[in-house]
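# Commentary on secondary and tertiary structure
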Amino acid sequence: MRSLRPSLLQAFSRGLQVKLSPNYARAVFFHLSTVLNAAVDDELIPKNPCHAGSVKAPRGEAKKIAPWTVEQVRAVANGIAQHYEVMVLSAAGLGLRQGEAFGLALDDVDFLRGIVHVRRQVKLLGGKQERVFAPPKGGKLRDIPLPESVALRLAAHIEAVDPPELTLPWRTLDGSPHTARLLFSTRQKTVIARNEFNKFAWKTVLAKVGLPATRENGFHMLRHHFASVLLEDGVSIKAVAEFLGHADPGFTLRTYTHLMPSSEDRMRKAIDGAWGSSADPGCALDVP
């Protein structure tokens with residue numbers, strides 16, 4: 001073990017990628033790293049060479065996301081408990097993370113300007129999974145354009161439920177109290193608890209509409225639906241990344257590139273959009 005050097009591990013990693021499938025190569029590399037971690041704990045070697053900056057672990061093959069269709073989102077929204085219906089549709093129409101949907105408040109929605117301000121999430125902390133209010137993931141506040149279809153549903157929901165004022169600590173369990181009129185809450189007008197929601201509301205509706213209750217079909221699927229709709233309609237990766245709150249548009253591209261229309265489809269759509277799909281003999285393009 002003492003003879004293992006970062007250069008040797010880097011060569012080993014490259015060899016794995018040539019001989020094995022991406023995911024298998026990655027698994028082999030991390031099994032080796034686990035063994036070397038144990039050797040460090042037993043003081044057989046001073047440090048794990050797999051952790052050296054020059055050593056790159058094999059990259060696994062990312063599973064392509066298959067977003068829900070409009071019909072599937074609608075089925076889940078119609079099948080879930082009624083007081084959560086608009087939350088599901090809003091998350092799908094605004095690309096909200098689960099905690100952001102739970103933390104969306106009345107004063108975050110600017111109906112006049114057509115903007116939704118994503119400024120807080122409901123976050124779980126500690127072994128007992130206590131809830132706090134916190135900024136969105138990575139502290140990245142963002143504004144999302146408010147589509148009319150979402151605005152109309154939110155307005156009707158607000159009139160029907162009269163959003164309650166709810167208070168949680170800010171950021172930490174001993175943080176200052178933070179109060180917001182949350183748009184979505186439990187039947188008892190309390191802050192939604194993620195674990196209870198996922199177990200009793202989300203998994204129940206998935207079974208009802210015939211969708212597997214797997215990790216892939218979690219609440220996050222609503223964000224994937226949002227991204228897929230925008231990309232299909234030609235919205236730029238940079239804009240989609242901003243709406244989703246991704247710090248790196250490259251991450252957005254890597255995640256959703258398979259959902260983007262092909263260059264050939266975009267070219268046809270661009271020319272047909274400019275000139276029309278039917279030829280007009282009186283306005284024919286000049287062809288040399």
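The present account deals with the structure reproduced in this document. (Residues numbered from 1 in each chain as written. Predicted model: local features only at pLDDT ≥ 70, side-chain atom pairs only at ≥ 80, totals over all residues. Heavy atoms only, no water.)

Okay, the pattern of salt bridges next. Applying the stated criterion to the full structure yields nine salt bridges. Across the pair E242 and K238 runs a salt bridge whose closest N-O atoms are separated by 2.8 Å. Taken together, the residues span about one helical turn, with E242 and K238 both in helix α9 (residues 237–244) at a distance of four residues. The class for E242 is partly exposed, based on a relative accessible area of 41%. We note a salt bridge from D248 to R254, for which the minimum N-O separation is 3.8 Å. For R254, a relative accessible area of 54% gives the class exposed. By sharing partners, the salt bridges in this structure join D107, D108, R119 and R120 into a single network. (Salt bridge = Lys/Arg side-chain N within 4 Å of Asp/Glu carboxyl O. Helix = DSSP H or I, 4+ residues; strand = E, 2+ residues; numbered from the N terminus. Buried < 20%, exposed > 50% of the residue type's maximum accessible area, 1.4 Å probe, protein only.)

What follows concerns helix α6 (residues 148–161). With 14 residues, α6 should cover 20 Å at 1.5 Å per step; its first-to-last C-alpha distance of 20 Å lies within 8% of that length. Looking at the packing, one finds that the buried side of α6 touches α4 (85–94) and β1 (109–110). Positive backbone phi, approximately 50°, marks D162, located one or two places after α6. (Expected span 1.5 Å × (residues − 1). Contact = heavy atoms within 4.5 Å.)

With six of its eight residues buried, α9 lies for the most part within the structure. Along α9, the positions that sit buried rather than exposed are I237, A239, V240, A241, F243 and L244. Among the structural elements, α4, β5 (142–145), α8 (221–232) and α10 (249–256) are those in contact with the buried residues of α9. Directly beyond the C-terminal end of α9, a positive phi value near 80° is found at G245.

So, about the environment of S236. For S236, the location among the structural elements is in the loop between α8 and α9. Between the alpha carbons of S236 and L253 there is a distance of 9.9 Å; along the sequence they are 17 residues apart.

Turning to the side chain of N48, a few remarks are in order. For N48, the location among the structural elements is in the loop between α2 (22–41) and α3 (70–79). A residue is classified by how much of its surface remains accessible, and N48, at 7% relative accessible area, is buried. Look past the residues within four positions of N48 in its chain and what remains in contact with it is S33, L36, N37 and V40.

Before going further, it helps to spend a moment on the sheet that holds strand β2 (residues 115–118). Sheet architecture is open: three strands sit in the order β1-β2-β5, paired in antiparallel fashion. Only two strands of the sheet have a single neighbouring strand rather than two, namely β1 and β5. Sheet topology note: the β1/β2 ladder contains two bridges and is antiparallel. Among the inter-strand pairings, D110 is bridged to a residue of β2, identified as I115. (Pairing = 2+ DSSP bridges.)

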